[in-house]
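Chain by chain, the residues:
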Amino acid sequence: RDMADQKLIGKTGRVTGRVGPGRIGEVMVPVRGGTEAYHAYSADDEEIGPGTRVLVVDLLPPRTVVVTPV
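Residues numbered from 1 in each chain as written. Predicted model: local features only at pLDDT ≥ 70, side-chain atom pairs only at ≥ 80, totals over all residues. Heavy atoms only, no water.

S.K.: Describe the side chain of Thr68, with residues and values.
M.R.: Note that Thr68 resides in strand S5 (residues 64-69). Of note is the side chain of Thr68, whose polar atom sits 3.0 Å from the side chain of Asp44. Aside from chain neighbours lying at most four places away, what touches Thr68 is Ala43, Asp44, Val54, Leu55 and Val57. (Helix = DSSP H or I, 4+ residues; strand = E, 2+ residues; numbered from the N terminus. Polar contact = N/O pair within 3.5 Å; in protein donor to acceptor, adjacent residues only side chain to side chain. Contact = heavy atoms within 4.5 Å.)

S.K.: Before we move on, can you summarise the packing of aromatic side chains with the specific residues and values?
M.R.: In the structure shown here, the tally under the stated rule is zero aromatic pairs. In this structure, Arg63 packs its charged tip against the face of Tyr38, placed 4.2 Å from the ring centre. (Phe/Tyr/Trp six-rings, centres within 6.5 Å; stacked < 30°, edge-to-face > 60°. Lys NZ or Arg CZ within 6 Å of the ring centre and 35° of its normal.)

S.K.: Go over the pattern of salt bridges, please, and point to the residues and values.
M.R.: Here the structure, examined in full by the defined rule, presents three salt bridges. Residues Glu47 and Arg18 are paired through a salt bridge, measuring 3.3 Å at the closest nitrogen-oxygen approach. Linking Glu47 in the loop between strand S3 (34-42) and strand S4 (53-60) with Arg18 in the loop between strand S1 (12-17) and strand S2 (25-31), this pair joins segments that are 29 residues apart in sequence. The partly exposed category is assigned to Glu47, whose relative accessible area is 43%. Here the residues in one salt-bridge network are Arg32, Glu36 and Arg63, joined through shared partners. (Salt bridge = Lys/Arg side-chain N within 4 Å of Asp/Glu carboxyl O. Buried < 20%, exposed > 50% of the residue type's maximum accessible area, 1.4 Å probe, protein only.)

Here it is in structure tokens:
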């Protein structure tokens, strides 16, 4: 893992594509002075709808994060 990606853990982002149990979604996370899209799984296997603010709790390289609502 490179250091820039490691810094994703602890950041907050916003769900843009529904995250649900056994279903990969999408979140936008502010990184490197911009905002980037990442694939996302729910940390608690719960449904997280678009527009929900989430916290990144883990990283699955290269472009997938695990999130929980804040």
